[in-house]
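Spelled out, the chains give:
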There are 2 protein chains.
Amino acid sequence: MAISRRVKNTLKGASWVRRMFEVGDELKQVYGEENVYDFSIGNPDLEPPASLKKALRELAENPIAGMHRYMPNNGYSETRRAIAEYIKEESGLPFTENHLVMTVGAAGGLNVVFKALLDEGDEVIVPSPYFMEFKFYIDNNGGEIRLVETNDDFSLNLAEIEKAIGAKTKAILINSPNNPTGVVYSHDSLEKLGALLERKSREFGRTIYLVSDEAYRRIVYDRVKLPIFFQYHPHTIRVTSHSKDLSLPGERIGYVAVSPLCEDADELVSALVFANRILGFVNAPALMQRLVAPLQRNSVHVQEYEEKRDLFYNALVSFGYHIVKPQGAFYLFPKALIDDDLAFVQELQSKRILTVPGRGFGKPGYFRIAYAVERKKIEAALPGFKEIADKYRSQR
Amino acid sequence: MAISRRVKNTLKGASWVRRMFEVGDELKQVYGEENVYDFSIGNPDLEPPASLKKALRELAENPIAGMHRYMPNNGYSETRRAIAEYIKEESGLPFTENHLVMTVGAAGGLNVVFKALLDEGDEVIVPSPYFMEFKFYIDNNGGEIRLVETNDDFSLNLAEIEKAIGAKTKAILINSPNNPTGVVYSHDSLEKLGALLERKSREFGRTIYLVSDEAYRRIVYDRVKLPIFFQYHPHTIRVTSHSKDLSLPGERIGYVAVSPLCEDADELVSALVFANRILGFVNAPALMQRLVAPLQRNSVHVQEYEEKRDLFYNALVSFGYHIVKPQGAFYLFPKALIDDDLAFVQELQSKRILTVPGRGFGKPGYFRIAYAVERKKIEAALPGFKEIADKYRSQR
């Protein structure tokens, strides 16, 4: 056998997801790509803001000597300074460039954080439903994921989190706005979470970190103001990227920010920089570091996503689907109309609609729709969603 | 304590390297950056070829819709096809785009390869002196490094390699042209290595992979033709990047190529793609994938490095240093003039010359000079090297 047994087993376990993709490919080959409604992957369809394109043009026309060379493993000082200023203003905390590490996207950032924090057997609490890659990021670095259920509206269940915290707990990983539910955790729930983490840290004599995955931080609707995690717990580490706010997912540019209130913040940052190096990222891509620095307050036209959410959500609810109305990200996470989410997703495939079963997010009985696609794709898919809803309504 | 014990111990263990850097920083602050001769890091000083700059300008001026979005985890089909064509011609083997995975540099590629190949306790043989990051890349993924000494001229010691191969051996990692020695392994030694790996694979009933780190593959001198590893062992995996040949180290763009002769090549590639995803790289930076595709036969002006090697090597030899003449990369690895390489490196610091002690490459008693710097820096540093040589000659 060529490959690692661990990887082989995981590849096998994940093979139903591969089957989904293969079904999608087959459908596209049979019906033509334009006749397949692919809501399976969250791949932003909006172009980066004009300011970014302009900055790229200007840099390409006026290249700076050495602009593609290595820089320190934490990234350019200028970029870190720009981000620190922005977070300082946002949080009211004394951030400096020394609290920042530029990373290869948020996925790279999370691996770096877990490498720096975790010893073999350390536990990371993750509210479920959750982005299934988290499990790998924790496992890669010797940790163990500890899933806790959220409430019916996918809000944080503090009682469940409290029960899950033990002597092995090193961190809790919170993703808000959430993939797959689109839920934004409230100020109230975060205040309680902060108090709980501080109480439990004292009880177990061990600092519990709040790792906030804020990949969707600027994709929020209904004038919601995203709470600033740094304000709820001193030992907070933000991991985010410009994949969604600047529509640059393929470029792999993100950052990790360590709260100035963290104990041993200097040592923690040193460990992050070291992890960034030895995990093989080395540094975040140089060109993109330069481009995003002045764009910390920019973002894609979020209203376009909001309009798509409204269109999709309102239509599905009118067809009889049950959905917690998402306030952010670009996902809907409706209840499947039959218990078996995989069978239901396959039903939708008969209408050439591609979605992902809830079991792929630790939540069987649901399915995820990624709507960062052209509006006309959504419109074209709605009749199929309606036919399936009608079919199951008539059977009840 | 905030950080992982493992990381804490490693940070502590590596602290003498940090001291070196800090000394360098102090020197630069005291004497001014222009009066410090920094040969500590291999950070290419040459600009990327004009063809790359032109391609960047053209793409920035004529952006392609969706060019910053996610693509499949193995990278753009067009890029993989261009590289496959190039390697096919070079090796005579039937490479296709399906044997390629685009990666976040060679460091990312090596982590991906070891994640895909290694189970806990598997051993990877590495000839020493060696690039010390290899140890982390192997350890990150549950493997163990098994160092073997090279001959006095830093050529492969086949007898030592044979002794090191056992039931736990999963791979041998070969870096040619070599960092830190600059040595290029010969056709003869690779032929013997291939035969040895095949014999030992049969003996232990377990395929032993040849992982070739070819980061410096185009930086070769004296009209040397770099042997193509794929031709010596069927189970060969090439890991390389465009950091050196196109002078793009900060952009993190490289690839992994699996020999079409590998057993279960399809499964191996699937495992690599999966590893690329779950380790948090997700994909190689999109923009750079596009830019490097048509430049597989291009490279920086290698003669400039060769001239620097000649200048530096000839001068040091005339001062009495003993050096194996390097045929590639941009490093010299002379013998220190006293046994203690750290003390010797500190001596050089008194002349404001920064180098790295051989112990940082598993070879005490030597030191590494990275000469990918401006020619005038080399010229300015030579008197310091001579003074130190004279001092130790007169003491003998």
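Here, residues in each chain are numbered from 1, in the same order as that chain's written sequence. The naming scheme follows written order: chains are lettered A onward, ligands numbered 1 onward. The model is predicted, so local features are restricted to residues of pLDDT at least 70 and side-chain atom pairs to those at 80 or more, both for listing and for counting; the totals for chains, interfaces and linings are taken over all residues. Values reported for side chains reflect all heavy atoms of the structure, with hydrogen atoms and water molecules removed beforehand.

Q: How would you summarise helix 12 (residues 341-349) of chain A if you had to cite specific residues and measurements?
A: Residues and elements named next belong to chain A. For every residue, the accessible area obtained with a 1.4 Å probe (protein chains only) is divided by the maximum for its type, and the residue is called buried under 20%, exposed over 50%, and partly exposed between those limits. Secondary structure elements follow DSSP: runs of H or I no shorter than four residues count as helices, runs of E no shorter than two count as strands, and numbering proceeds from the N terminus. Counting buried positions along helix 12 yields seven of nine residues, so the element is predominantly enclosed. Here helix 12 has its buried residues at Asp341, Leu342, Phe344, Val345, Glu347, Leu348 and Gln349. As used in this structure description, the phrase polar contact means that two N or O atoms lie within 3.5 Å; if the pair is within protein, one of them must be able to donate a hydrogen and the other to accept it, and residues adjacent in sequence are counted only when both atoms belong to side chains. Where helix 12 begins, the capping side chain belongs to Asp340, and its oxygen is found 3.0 Å from the backbone nitrogen of Leu342.

Q: Break down unusual backbone geometry for me, citing the residues and quoting the values.
A: Cis rather than trans, the peptide bond between Ser176(B) and Pro177(B) has omega equal to -10 degrees. When you line up the elements, Pro177(B) lands in the loop between strand 5 (169-175) and helix 8 (187-204). Of note, the bond from Asn179(B) into Pro180(B) is cis; its omega dihedral lies within 30 degrees of zero at 20 degrees. Here Pro180(B) shows up in the loop between strand 5 and helix 8. In this structure, Val282(A) takes a positive phi of about 70 degrees despite not being glycine. Tracing the chain through its elements places Val282(A) in the loop between helix 9 (265-278) and helix 10 (286-292). For Arg252(B), which is not glycine, the phi dihedral falls at a positive 60 degrees. Tracing the chain through its elements places Arg252(B) in the loop between strand 7 (236-241) and strand 8 (254-258). The exposure class of Arg252(B) is buried, given its relative accessible area of 2%.

Q: Go over the sheet that holds strand 7 (residues 236-241) of chain A, please, and point to the residues and values.
A: All names here are of chain A. Pairing between strands is defined by DSSP: at least two bridges between them are needed. Spatially, the seven strands line up as an open sheet ordered 2-8-7-6-5-3-4, and their pairing is mixed. Only two strands of the sheet have a single neighbouring strand rather than two, namely strand 2 (100-103) and strand 4 (144-149). Along the sheet, successive strands turn relative to each other by an average axial angle of 20 degrees, direction set aside. Looking at chain direction, strand 2 and strand 8 (residues 254-258) are connected through four bridges and run antiparallel. Pairing of Leu100 across the sheet is with Ala257, part of strand 8. Seen against the sheet, helix 4 (residues 77-91) touches strand 2, strand 7 and strand 8 and runs at an angle of roughly 120 degrees to strand 2. Sheet strands touched by helix 5 (residues 105-117): strand 2, strand 3 (123-128), strand 5 (169-175), strand 6 (209-213), strand 7 and strand 8. Its angle to strand 7, the strand with the most contacts, is close to 155 degrees. Between N-to-C directions, angles cover 0 to 180 degrees, with each direction set by a line fitted to C-alpha atoms, over the stretch in contact for helices. It only takes one pair of heavy atoms within 4.5 Å for two residues to be counted as in contact.

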